[in-house]
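# Observations on the model geometry
Listed below, chain by chain, are the residues.
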Amino acid sequence: MTTLAKDLPNLQLSLGVDDLANLAVTPWFSYIVNLVECPLPTIPERPHLKTERLILRPILPSDLDAFCELRKIPECQNQSKTRGRADESREETKQALEALNREEQNHWYFGVFLQATGELIGEAGLPDCVATATSNTGWPEAEFLLKPRFWRQGYGTEAFNALVDSWWGLPRERRRHQLITPLVPGIEPGAEVPEGLVFQWEAHNVRASGFFAKVLAQAPAAAEGTFESRDMRDGRQGEIVRWAGTLIGNPRS
Ligand SMILES: CC(C)(COP(=O)(O)OP(=O)(O)OC[C@H]1O[C@@H](n2cnc3c(N)ncnc32)[C@H](O)[C@@H]1OP(=O)(O)O)[C@@H](O)C(=O)NCCC(=O)NCCS
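The name given to the protein in an unreviewed UniProt entry is Uu.00g017710.m01.CDS01, with the source organism recorded as Anthostomella pinea.

Right, here's the structure in full:
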C-alpha cells in the first residue's frame with residue numbers, strides 16, 4: 001500500500017456547518033484500512049520516548065499533583081480539541097487520570113516530562129485512537145498541550161517527532177473502519193484506504209497554525225482545510241467552532 005498523499009490528490013476542504021447536514025444523510029462509510037493492531041501495549045508495556053531534553057511516558061496515578069497543575073492552566077487547556085477548558089477541581093483531574101489508566105486501550109497519550117528536572121511540562125498524543133468517537137473525520141486526531149512558560153523553545157517539536165514516530169512504529173492490522181466520505185472522494189465504501197492521522201486546531205489559534213505548518217512541512221498533506229462544527233465540549237455546547245486541520249498518511253505503509 002502506498003501513502004495517502006500518493007493515492008489521492010491533495011484535497012483542499014472548506015466545509016461550513018450546514019454543508020454536511022444538507023447532504024441529508026450521515027456521510028460515514030466503512031472502508032478497509034491498515035490500522036494499529038489491537039490490543040495496544042498496556043500502560044506498563046508502553047515505551048518511554050526519549051528525546052534530546054524530554055521523556056514522554058504514560059501519566060500515572062502517582063503523577064496526580066503534577067497533572068493537576070498542568071490541567072488547571074487555561075492558556076493551554078482551552079485549546080484541547082476534546083476538552084476545551086481547564087479542569088475545575090482536583091477531583092475532575094483525578095477522574096481524568098484514572099480514565100487514562102483504565103481506558104488504556106483507546107489512547108496513545110503521554111505526559112511530556114523534562115529530563116533535567118522530571119517536571120511534567122505538557123501532554124501529547126492521540127486521546128481517542130481506536131474508537132475515534134470524538135473524531136470529526138474518523139481518523140485518530142492528535143493533541144499537544146504544553147505549559148506556557150515552555151512555549152517556543154523547541155519542546156513541542158521534540159514531543160511531536162517522538163510521538164508521531166512511535167505511533168507509526170506500532171504494528172498494524174487490516175480492519176474495517178468508518179470514515180467521513182468527503183475525505184475519501186471517489187473511493188467506494190468497502191474499498192481499501194491508506195491510513196491517515198489528523199492534526200486539528202481551532203482556526204484562530206495562530207500559535208498552533210504556525211507550529212503544525214512547521215512540524216508537518218516534511219509530511220505531505222493528503223488533505224488540509226477548514227470546517228465548522230457544533231461544539232460538543234463542556235461549557236461550549238452548541239457554539240459554532242471553526243477548525244483548521246491537516247491529514248497525513250502513514251509514511252511506513
Ligand atoms: C502548539 C504548541 C504545542 C507548540 O509547542 P512549542 O514548543 O511552543 O513549539 P516549538 O517551539 O517547537 O515551535 C516550532 C515552530 O512552531 C512555530 N511556532 C511556535 N509558536 C509559534 C507562534 N506563537 N506563532 C507562530 N509560529 C509559532 C514556529 O515555526 C516554530 O519554529 P521557530 O521557533 O523555529 O520559528 C504549544 O505552543 C502549546 O502547547 N500551545 C497551547 C496548546 C495548543 O494550542 N495546542 C495545539 C492544538 S492541540
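### Focus: the sheet that holds strand S4 (residues 54–57)
Reading across from one edge, S1-S10-S11-S9-S7-S6-S5-S4-S3 is the order of the nine strands in this open sheet, with mixed pairing throughout. At either margin of the open sheet sits one strand with a lone partner, and together these are strand S1 (11–15) and strand S3 (49–50). The pairing of strand S5 (residues 108–114) with strand S6 (residues 120–126) spans six bridges and is classified as antiparallel. Opposite Tyr109, over in S6, you have Gly125 as the bridge partner.

### Remarks on the environment of Ile73
By the element assignment, Ile73 lies in the loop between helix H3 (64–71) and helix H4 (74–77). With 17 C-beta atoms packed within 10 Å, Ile73 lands in the partly exposed category. Measuring from C-alpha to C-alpha, the distance between Ile73 and Ile59 comes to 17 Å, with 14 residues separating the pair along the chain. When sequence neighbours within four positions are dropped, the list of residues in contact with Ile73 reads Ala86, Lys147 and Pro148.

### Quick notes on H3
Phe67, Leu70 and Arg71 are the residues of H3 that are buried. Taken end-on, H3 shows its buried residues confined to a sector of 90°, consistent with a single buried face. At its buried positions, H3 is contacted by H4, helix H5 (90–102) and S6.

### Focus on the site of the ligand
Taken together, 22 residues lie around the ligand, and Gln79, Leu146, Gly156, Thr157 and Gly210 are the ones closest in. Of all the secondary-structure elements, those providing two or more residues to the shell around the ligand are strand S7 (141–146), helix H6 (155–169) and helix H7 (206–215). In the shell around the ligand, the residues fall into ten nonpolar, seven polar and five charged.

### With respect to H6
End to end, H6 covers 21 Å across 15 residues, agreeing with the expected 21 Å (1.5 Å per residue, within 8%). Where H6 is concerned, the buried positions are Tyr155, Gly156, Ala159, Phe160, Ala162, Leu163 and Val164. The elements touched by buried residues of H6 are S3, S4, S5, S6, S7 and H7.

### Observations concerning the UniProt feature "domain: N-acetyltransferase" (unreviewed entry) in the protein
Here, UniProt's "domain: N-acetyltransferase" (unreviewed entry) annotation points to residues 53–171. Structurally, residues 53–171 comprises 34% helix and 20% strand, and the distance from its first C-alpha atom to its last is 27 Å.

### Structural notes on the packing of H3 against H5
In contact at an axis separation of 9 Å, H3 and H5 are set at 115° when each is read in the N-to-C sense. Our classification of the angle between H3 and H5 gives roughly perpendicular. By crossing handedness, the relation of H3 to H5 is classed as right-handed. Between H3 and H5, the residues in contact are Leu64, Phe67, Cys68 and Arg71 and Arg90, Thr93, Lys94, Ala96 and Leu97, respectively. For the contact of H3 with H5, the class distribution of residues is five nonpolar, one polar and three charged.

### Re the nonpolar core
Formed by 49 residues in total, the largest nonpolar core has its most connected members in Leu56, Val112, Ala159, Leu163 and Leu247. With six residues, H6 is the largest single contributor of residues to this core. Residues within four places of Ala159 in sequence aside, it is in contact with Leu54, Leu56, Val112, Gly122, Ala124 and Phe144.

Calculation criteria
- Residues numbered from 1 in each chain as written.
- Predicted model: local features only at pLDDT ≥ 70, side-chain atom pairs only at ≥ 80, totals over all residues.
- Pairing = 2+ DSSP bridges.
- Helix = DSSP H or I, 4+ residues; strand = E, 2+ residues; numbered from the N terminus.
- Buried ≥ 20, exposed ≤ 12 C-beta atoms within 10 Å, placed from the backbone.
- Contact = placed C-beta atoms within 7 Å.
- Arc of directions from axis to C-beta.
- Near = placed C-beta within 6 Å.
- Nonpolar A, V, L, I, M, F, W, Y, C, P; charged D, E, K, R; others polar.
- Expected span 1.5 Å × (residues − 1).
- UniProt positions renumbered as here; feature names shortened; annotations may be inferred.
- Axes fitted to C-alpha atoms, helices over the stretch in contact; angles between N-to-C directions.
- Parallel < 35°, antiparallel > 145°, perpendicular 65-115°, else oblique.
- Left-handed = near helix turned anticlockwise from the far one by under 90°.
- Core = buried A, V, L, I, M, F, W, Y, C linked by C-beta atoms within 7 Å.

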